[in-house]
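Coordinates in review
One letter stands for each residue in the lines below.
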Amino acid sequence: LNETTYAVESIVGQPWTSSPNVVIAADGRLWAAADAAGGNSYTVWWSNLLVGTALNSGDAGNLDVRNVWPNGQDTIVALAFMSGRLVILGRRSILLYTLPASHDPATMELTDVISNLGCRARDSVVIANGDLYFLSDDGIYKIPKLAQTISLLPVPVKVSKMVADDVITTYASETMTRVRGGYYPKQRWYVLNAPTA
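Throughout, residues of each chain are indexed from 1 in the direction in which the sequence is written. Under the rules for a predicted model, residues below a pLDDT of 70 receive no local features and side-chain atom pairs below 80 are neither given nor counted, while totals for whole chains, interfaces and linings still include all residues. As a rule here, side-chain values cover all heavy atoms of the structure and leave hydrogens and water aside.

This part is about the sheet that holds strand β2 (residues 29-35). Only strands joined by at least two bridges in the DSSP assignment are considered to pair. To qualify as a helix, a DSSP run of H or I must reach at least 4 residues; to qualify as a strand, a run of E must reach at least 2; elements of each kind are numbered from the N terminus. Strand order in the open sheet formed by four strands is β1-β2-β3-β4, with antiparallel pairing between adjacent strands. Because the sheet does not close on itself, it has two edges, and the strands there are β1 (22-26) and β4 (61-64). Put simply, the sheet's adjacent strands are angled 20° from each other on average, direction ignored. Strand direction decides the pairing type here: strand β3 (residues 40-46) and β4, joined by four bridges, are antiparallel. Bridge assignment links W46 to a residue of β4, and that residue is G61. Note on geometry: axes are lines fitted to C-alpha atoms, helical ones only across the stretch in contact, with angles between N-to-C directions running from 0 to 180 degrees.

Right under this line is the structure:
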C-alpha cells in the first residue's frame with residue numbers, strides 16, 4: 001500500500017510466477033519469498049533500496065538457497081530480520097545471512113545454519129526485545145538476540161518446556177495459515193492463537 005494514500009501499488013518487474021507467501025519490510029527494502037503456487041519455495045527476492053515496489057532495477061536482486069539447506073531440500077516458511085541478519089526460517093532448518101556494512105544484499109554471506117529445527121507457521125514468527133520467537137514441531141523456540149560477532153550464534157532455546165505436550169497436541173490439529181503470534185510486553189509473554197483447535 002502507498003505510505004501516504006494507502007492505495008494499492010503495483011510491483012514493477014514482478015520476479016515471481018504467482019505470488020509470494022512471505023513478505024517483510026526490513027533494512028530499507030521489501031523482502032519476499034516462497035512463491036509456492038509458482039513452484040518456487042527456495043528463492044528470496046529483495047527490492048531496490050528505499051523503493052519497495054521495484055524488484056527489477058537498481059540494486060534489487062535475489063538469493064537461491066537450494067544448495068545451502070543443511071539436510072537436503074527444504075521450504076522457506078518465514079523471513080525475519082534481526083541484528084543485521086536476514087533469518088530464513090525453513091520447515092526443517094534455519095539459515096542466517098549477515099549483511100555487510102554497506103547493507104548490500106548482493107554481498108551478504110551465509111554465516112550460521114541451524115539444523116533439525118524449523119518453523120511450522122509463518123505468522124508465529126515474532127521479534128520482541130531483540131529475540132526471535134517461533135512455533136516449531138515440538139514447541140515454541142526463541143533465538144536470543146544475535147551478537148554482532150558473526151561467529152557467535154546462541155543455541156535456540158525451547159521456551160515451552162513446561163507445556164510442550166499441550167503445545168504439540170494443540171497445534172497438531174491446527175490450520176497453520178491461521179496461527180498468529182504476538183508479544184505482550186507488560187508480562188513479557190510470547191502468545192499464540194489456535195483458532196481451530
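Still to come is the rest of the account.
Glancing now at the nonpolar core. Residues enter a nonpolar core if they are buried and are Ala, Val, Leu, Ile, Met, Phe, Trp, Tyr or Cys, with the set joined through side-chain atoms within 4.5 Å. Residue burial is assigned from relative accessible area. The probe radius is 1.4 Å, only protein chains are included, and a residue is buried under 20% of its type maximum, exposed over 50%, and partly exposed in between. Counting residues in hydrophobic clusters, the biggest one holds 20 residues, and the most contacted among them are W31, V44, L79, L86 and I88. Broken down by secondary-structure element, the contributors of at least two residues to this core are β1, β2, β3, β5 (76-82), β6 (85-90) and β7 (93-98). Dropping the residues within four chain positions of it, L86 is found in contact with W31, V44, A80, F81, L95, L96, Y97, L99 and M108. Core analysis: the next-biggest nonpolar cluster, separate from the first, contains 16 residues, M82, I114, C119 and L132 among them. A contact between two residues is defined here by any heavy atoms of the two lying within 4.5 Å.

We now examine the sheet that holds β5. Spatially, four strands are ordered β5-β6-β7-β8 in an open sheet, and the strand pairing comes out antiparallel. At either margin of the open sheet sits one strand with a lone partner, and together these are β5 and β8 (109-115). Strand-to-strand twist of the sheet, defined as the mean angle between neighbouring strand axes without regard to direction, takes the value 20°. Strand direction decides the pairing type here: β6 and β7, joined by five bridges, are antiparallel. Residue pairing for β7: I88 is matched across the bridge by L95.

Counting through the fold element by element, S41 comes out in strand β3. The residues contacting S41, other than those within four sequence positions of it, are A34, D74, T75 and I76.

What follows covers helix α1 (residues 164-172). Regarding α1, the residues found buried are A164, V167 and Y171. Down the axis of α1, the sector holding all buried residues measures 60°, keeping them to one side. Away from its buried face, by an angle of more than 90 degrees, α1 presents the exposed residues D165, D166, T169 and A172. The elements touched by buried residues of α1 are β10 (131-136), β11 (139-143), β12 (157-158) and β14 (189-192). Each direction from the helix axis to a C-beta atom contributes to the arc, which is the arc of those directions.

Look at any regular strand and the pattern is simple: side chains alternate between the two faces of the sheet. Among the six residues of β6, six are classified as buried, and the element is accordingly described as predominantly covered. In this structure, β5 lies alongside β6, joined through six bridges in antiparallel fashion. Across the sheet, the residue bridging to F81 is L86, located in β6. The antiparallel hairpin formed by β5 and β6 contains two residues in its connecting segment, where S83 sits at a positive phi of about 50°. Linking β6 to β7, which pair antiparallel, is a turn of two residues.

Further remarks concern the pattern of salt bridges. Salt bridge, as used here, is a side-chain nitrogen of Lys or Arg placed within 4 Å of a carboxyl oxygen of Asp or Glu. Applying the stated rule across the entire model yields 10 salt bridges. Across the pair D123 and R180 runs a salt bridge whose closest N-O atoms are separated by 3.0 Å. One end of the pair, D123, is in the loop between β8 and β9 (126-128); the other, R180, is in the loop between α1 and β13 (181-184), and 57 residues separate them in sequence. Between D138 and K158 there is a salt bridge, with its nearest N and O atoms 3.7 Å apart. Separated by 20 residues along the polypeptide, D138 in the loop between β10 and β11 and K158 in strand β12 bring together distant segments of the chain.

Centre distance and the angle of the planes are the two values used to describe a pair of aromatic rings. Two rings belonging to Phe, Tyr or Trp (six-membered ring only in the last case) form a pair when the distance between their centres is within 6.5 Å. Interplanar angles under 30 degrees mark stacking, angles over 60 mark edge-to-face geometry, and anything in between is tilted. Considering all chains together, one arrives at seven aromatic pairs under this definition. Pairing W31 with W46 gives two aromatic rings, centres 6.0 Å apart and planes at 50°, and the pair type is tilted. In this pair, W31 sits in strand β2 while W46 sits in strand β3, placing the two residues 15 residues apart along the sequence. Comparing W31 with W46, the two get one shared label, buried. Their ring planes at 45° and their centres at 5.9 Å tell us that Y184 and W189 sit as a pair that is tilted. In this structure Y184 comes out as partly exposed when scored by relative accessible area, which is 36%. Here the aromatic cluster, defined as three or more aromatic residues joined through ring pairs, consists of W31, W46 and F81.

Any link to function would need more than the numbers given here.
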